[in-house]
Amino acid sequence: MCVIEVENLKKEYRLPVKKEGTLGALRHLVKPSYELKQAVKGISFQIREGESVAFLGANGAGKSTTIKMMTGILKPTAGRVSILGKDPFRKRMENAGQIGVVFGQKTQLWWDIPICETFRLLKDIYQIPEELYHRNLDSFTELLGLEEFLHQPARKLSLGQRVRADLAAALLHEPPVLFLDEPTIGLDVAVKQRIYDFLRSVNKEKKTTILLTSHDLKDLETLCGRLIILERGEILFDDRLPKIFEAFPGSDSLEEIVIRLFNRRTAP
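Sequence order as written defines residue numbering, which begins from 1 separately in each chain. For this predicted model, a pLDDT threshold of at least 70 governs which residues receive local features, and a threshold of 80 or more governs which side-chain atom pairs are given and counted, while totals over whole chains, interfaces and linings are taken from all residues. Where side-chain values are given, they derive from all heavy atoms of the structure, hydrogens and water being excluded.

Looking at an unreviewed UniProt entry, one finds the protein chain named ATP-binding cassette domain-containing protein and attributed to Candidatus Blautia merdavium.

Here is the structure:
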């Protein structure tokens, strides 16, 4: 069963073009001019239940923009997105109940209250049954090592502690789809390994579909069986991870392949 369907998805932005100085600002005020920026250029793919898929690409490739359209944060310029049969932008409330989202540089935790109180608020927001809430909280506390900071406010947590708490918060209501945008950025090796183990467990036991963007190739190789490579808003590669080594014989690592692929793409 396909849980995510993306068809000819596009996202364009109008960027103001201003000349320098006061005169340039006045000219733009009287007669503004803009240039069109295409962040995503008509991409299409499908993701089945239980798949763990990686989005890879340089900065500005369109990874985060695509994630934001699939989570309902951004409205597509054209094309279609379906998450479990629903348009995520038009059905934002319904979509929020069936997805979990973790942005590595942002948090959904309330800054000044203990983590356990944030979880309790999320229980009420998502209307999680009492038994399911306690079962998941106990399981996540053990797997992610939350006990040591469960009663501390988010503002007092280290980056690694905050990301672990964010993961638990995103999965308390057992969403069938989990979006992760740079979840391990800035984390040390030990914390990354704990997160890897946790995500593999969730993917295997609950059949949670995971879509991950990361610049850390270890994230992709450890967690994902399928790789989608984006460059300048277009898909360069979409297949099972081992297939990319067949497409680039003689390469010893994913990093070497990615460098070759991007160099080939940008060559004159």
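Undergrad: Mind showing me how you'd approach the overall build of the protein chain here?
TA: Under the DSSP-based scheme used, a helix requires at least four consecutive residues in state H or I and a strand at least two consecutive residues in state E, with every element numbered from the N terminus. Scanning the protein chain from N- to C-terminus turns up ten helices and nine strands. This radius of gyration counts C-alpha atoms alone. The globule rule is 2.2 Å times how many residues there are, raised to the power 0.38. For 268 residues, the compact-globule estimate of 2.2 N^0.38 gives 18 Å, and the protein chain sits close to it at 20 Å. For the protein chain, the spread of C-alpha atoms along the principal axes amounts to about 60 × 55 × 35 Å. For the protein chain, the residues scored as buried account for 47% of the 268 residues in total. A contact between two residues is defined here by any heavy atoms of the two lying within 4.5 Å. Partitioning the contacts of the protein chain with sequence separation of at least 6, the portion at a separation of at least 24 is 68%. Under the counting rule used here, the positive set is Lys and Arg, the negative set is Asp and Glu, and His together with the chain ends is not counted. Taken as the charge location is NZ of Lys, CZ of Arg, CG of Asp or CD of Glu. Averaged over its 40 positive side-chain charges, the protein chain has a centre that lies 8 Å from the centre of its 36 negative ones. Burial classes: relative accessible area under 20% of the type maximum marks a residue as buried, over 50% as exposed, and values in between as partly exposed (1.4 Å probe, protein chains only).

Undergrad: Help me understand the sheet that holds strand S7 (residues 209-213) in this model?
TA: Each strand in a sheet pairs with its neighbour through backbone hydrogen bonds, running either in the same direction (parallel) or in the opposite one (antiparallel). Two strands are counted as paired when DSSP detects at least two bridges linking them. The six strands are arranged S5-S6-S7-S3-S8-S9 in an open sheet whose pairing can be described as mixed. Taken across any chain shown, the strands that pair with only one partner, and hence form the sheet edges, are strand S5 (99-103) and strand S9 (234-240). Strand-to-strand twist in this sheet, taken as the mean axis angle between neighbours without regard to direction, amounts to 15°. Relative to S7, strand S6 (residues 177-181) runs parallel, the two sharing five bridges. Bridging across to S7, Val177 finds its partner in Thr209. Helix axes are fitted to C-alpha atoms over the stretch in contact, other axes to C-alpha atoms as well, and angles between N-to-C directions run from 0 to 180 degrees.

Undergrad: Explain the pattern of salt bridges to me, please; I cannot follow it from the model alone.
TA: Should their charged atoms come close, side chains of opposite charge can pair. By definition, a salt bridge exists where a carboxyl oxygen of Asp or Glu is found within 4 Å of a side-chain nitrogen of Lys or Arg. On inspection of all chains with the given rule, the structure shows 16 salt bridges. Where Arg240 meets Glu51, a salt bridge forms, and the shortest distance between an N and an O atom there is 3.5 Å. Pair noted here: Arg240 is in strand S9 and Glu51 is in the loop between strand S2 (34-48) and strand S3 (52-56), with a separation of 189 residues, a long-range link. Residues joined in a network through salt bridges with shared partners are Glu51, Arg226, Asp238 and Arg240.

Undergrad: Would you explain the packing of helix H4 (residues 115-126) against helix H6 (residues 159-171) in this entry?
TA: The packing of two helices is summarised by the inter-axis angle and the distance between the axes. Put simply, H4 and H6 touch, their axes get as near as 10 Å, and they point 20° apart. It follows from the interaxial angle that H4 and H6 lie roughly parallel. With respect to the hand of their crossing, H4 and H6 are arranged in right-handed fashion. Along the contact surface, H4 presents Ile115, Phe119 and Leu122, while H6 presents Ala165, Ala168 and Ala169. Roughly parallel means an angle under 35 degrees; roughly antiparallel, over 145; roughly perpendicular, 65 to 115; everything else is oblique. Handedness of a crossing is defined here by the sense of rotation of the near helix relative to the far one, left-handed for an anticlockwise turn of less than a right angle and right-handed for a clockwise turn.

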